[in-house]
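Tertiary structure, described
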Amino acid sequence: MGLKACLFDMDGVIVDSAVHHFVAWKRLADELSISFTEEDNHALKGLSRVDSLDHILRMGHLHLDEKTKVKLMDQKNAWYLDLIQGMREEDILPGAKELIESLVAEGIRVGLGSSSRNAQLILDNVGLTPLFDTVVDGNHITLSKPDPEVFLKGAAALGIDPREIVVFEDAASGVKAAKTGGFFAVGVGEEEQLSEADKVVPDLSGLTVDRLRTWMSA
Ligand code: BG6
Ligand code: MG
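Now for a description of the structure that goes with this document. (Residues numbered from 1 in each chain as written. Chains lettered and ligands numbered in written order. Predicted model: local features only at pLDDT ≥ 70, side-chain atom pairs only at ≥ 80, totals over all residues. Heavy atoms only, no water.)

1. Section: the site of ligand 1
Within the structure, ligand 1 sits among 15 residues, and D11, R49, S116, R117 and N118 are positioned closest to it. One nitrogen or oxygen atom from the side chain of D11 is found 2.6 Å from an oxygen atom belonging to ligand 1. The separation between an oxygen atom of ligand 1 and a polar main-chain atom of L44 is 3.5 Å. For ligand 1, the protein covers 96% of the area, taking 400 Å² as the surface of the free molecule. Every element with two or more residues in the shell around ligand 1 is listed here: α3 (49-59) and α4 (66-84). Residue composition of the shell around ligand 1, grouped by class: three nonpolar, seven polar and five charged. (Near = heavy atom within 4 Å. Polar contact = N/O pair within 3.5 Å; in protein donor to acceptor, adjacent residues only side chain to side chain. Areas by Shrake-Rupley, 256 points an atom, 1.4 Å probe, with all protein chains shown as cover. Helix = DSSP H or I, 4+ residues; strand = E, 2+ residues; numbered from the N terminus. Nonpolar A, V, L, I, M, F, W, Y, C, P; charged D, E, K, R; others polar.)

2. A word on helix α9 (residues 209-217)
Every buried residue of α9 is accounted for by V209, L212, W215 and M216. Seen end-on, α9 carries its buried residues on one side only, within an arc spanning 120°. Pointing more than 90 degrees away from the buried face of α9 are the exposed residues D210, T214 and S217. Contacts made by the buried residues of α9 are with β1 (5-8), α5 (96-105), β4 (165-169), β5 (184-188) and β6 (199-201). (Buried < 20%, exposed > 50% of the residue type's maximum accessible area, 1.4 Å probe, protein only. Arc of directions from axis to C-beta. Contact = heavy atoms within 4.5 Å.)

3. Side note on unusual backbone geometry
Note the cis peptide between K145 and P146, where omega equals 20°. Position of P146 among the secondary structure elements: in the loop between β3 (134-136) and α7 (149-158). Its identity is not glycine, yet S33 carries a phi of approximately 60°, on the positive side. When you line up the elements, S33 lands in the loop between α1 (18-31) and α2 (38-42). Look at S33 and you get exposed, because its relative accessible area is 68%. The phi angle at H61 is positive, at roughly 50°, despite the residue not being glycine.

4. Side note on the pairing of strand β2 (residues 109-113)
Residues in a regular strand point their side chains to alternate faces of the sheet. Burial analysis of β2 places four of its five residues in the buried class, the great majority of the element. Where β1 lies against β2, four bridges are found, and the strand directions are parallel. Its bridge partner being in β2, L7 is matched across the sheet by G111. In this sheet, β3 lies alongside β2 in parallel orientation, the contact comprising three bridges. Bridging from a neighbouring strand, L112 pairs with V135 of β3. You can see the chain leave β2, run along helix α6 (residues 119-126) and come back into β3, and the turn it takes is right-handed. (Pairing = 2+ DSSP bridges. Right-handed = clockwise from strand over helix to strand, strands pointing away.)

5. Side note on the coordination of the magnesium ion (ligand 2)
Ligation of the magnesium ion (ligand 2) by protein atoms is provided by D9 (OD), D11 (O) and D170 (OD), these donors lying 2.0 to 2.1 Å from the ion. Each donor residue of the magnesium ion (ligand 2) lies on one chain, and together they are spaced D-x1-D-x158-D. Residue D9 is located in the loop between β1 and α1, and its partner D170 is located in the loop between β4 and α8 (172-180); the two are separated by 161 residues in the primary sequence. Neither residue differs from the other here; D9 and D170 are each classed as buried. (Donors = N, O, S within 2.8 Å, 3.2 Å for Na, K, Ca; no water.)

6. Observations concerning the packing of aromatic side chains
In total, this model carries four aromatic pairs according to the counting rule given. Each ring, one from F8 and one from F132, has its centre 6.5 Å from the other, and the planes form 80°; the classification is edge-to-face. Of this pair, F8 sits in strand β1 while F132 sits in the loop between α6 and β3, and the two are 124 residues apart along the sequence. Exposure remark for F8: the relative accessible area of 0% places this residue in the buried category. Taken together through their ring pairs, the aromatic side chains of F8, F132 and F168 make up a single cluster. The ring of Y80 has K76 sitting right over it, with the charged end atom 4.6 Å from the ring centre. (Phe/Tyr/Trp six-rings, centres within 6.5 Å; stacked < 30°, edge-to-face > 60°. Lys NZ or Arg CZ within 6 Å of the ring centre and 35° of its normal.)

Note that all results are geometric; they support no functional claim without further evidence.
Put into structure tokens, the structure is as follows:
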């Protein structure tokens, strides 16, 4: 099967927002007197906002009612929005824009598959929205990665078989989602955390459409 489309995760693949998520979650964890380190933050990559909060609350053995949880998530998101509001084109990760532009130039469809409810805002801020044929984000899904819903919705929106789509992911949960959905998964980051991916690259710089085609046909 040939390459017809690519679906990109956003946080950690297109923009380096993980540090901003960390700062905001850390501030919340501190207020709740829960110890939370940058290492702990790795486990939250790809998880939805509510799953991330539940993870932190479990770490602190805290049980809270739904109303309080919504308040805490709103607070974390307000801090996060403050941190990302200055994001601009310079904040795009190495190689991402170049790869997306070369896909578009070759007529390969491009979509976003992100757990974030802030995905559209960030794409707009960094100026990438016009390059995307479809954006599926945390507002459109009910099941968080590792469930493949976000990528299957992207494939359906593009009308393309998952076997003809490459998914780019920096999170183990996202790679699992891609593989469960029948996609070709390219992990972006460290091999040991992304061992389920078909291929792993440290970042997107220098990646060509030809190389993707070769990988898929191997
Ligand atoms: C994912 C991030 O892309 O989006 C997670 O990897 C984050 O860390 C999740 O929790 C939800 O993001 P948001 O912006 O909707 O809170
Ligand atoms: Mg990610």
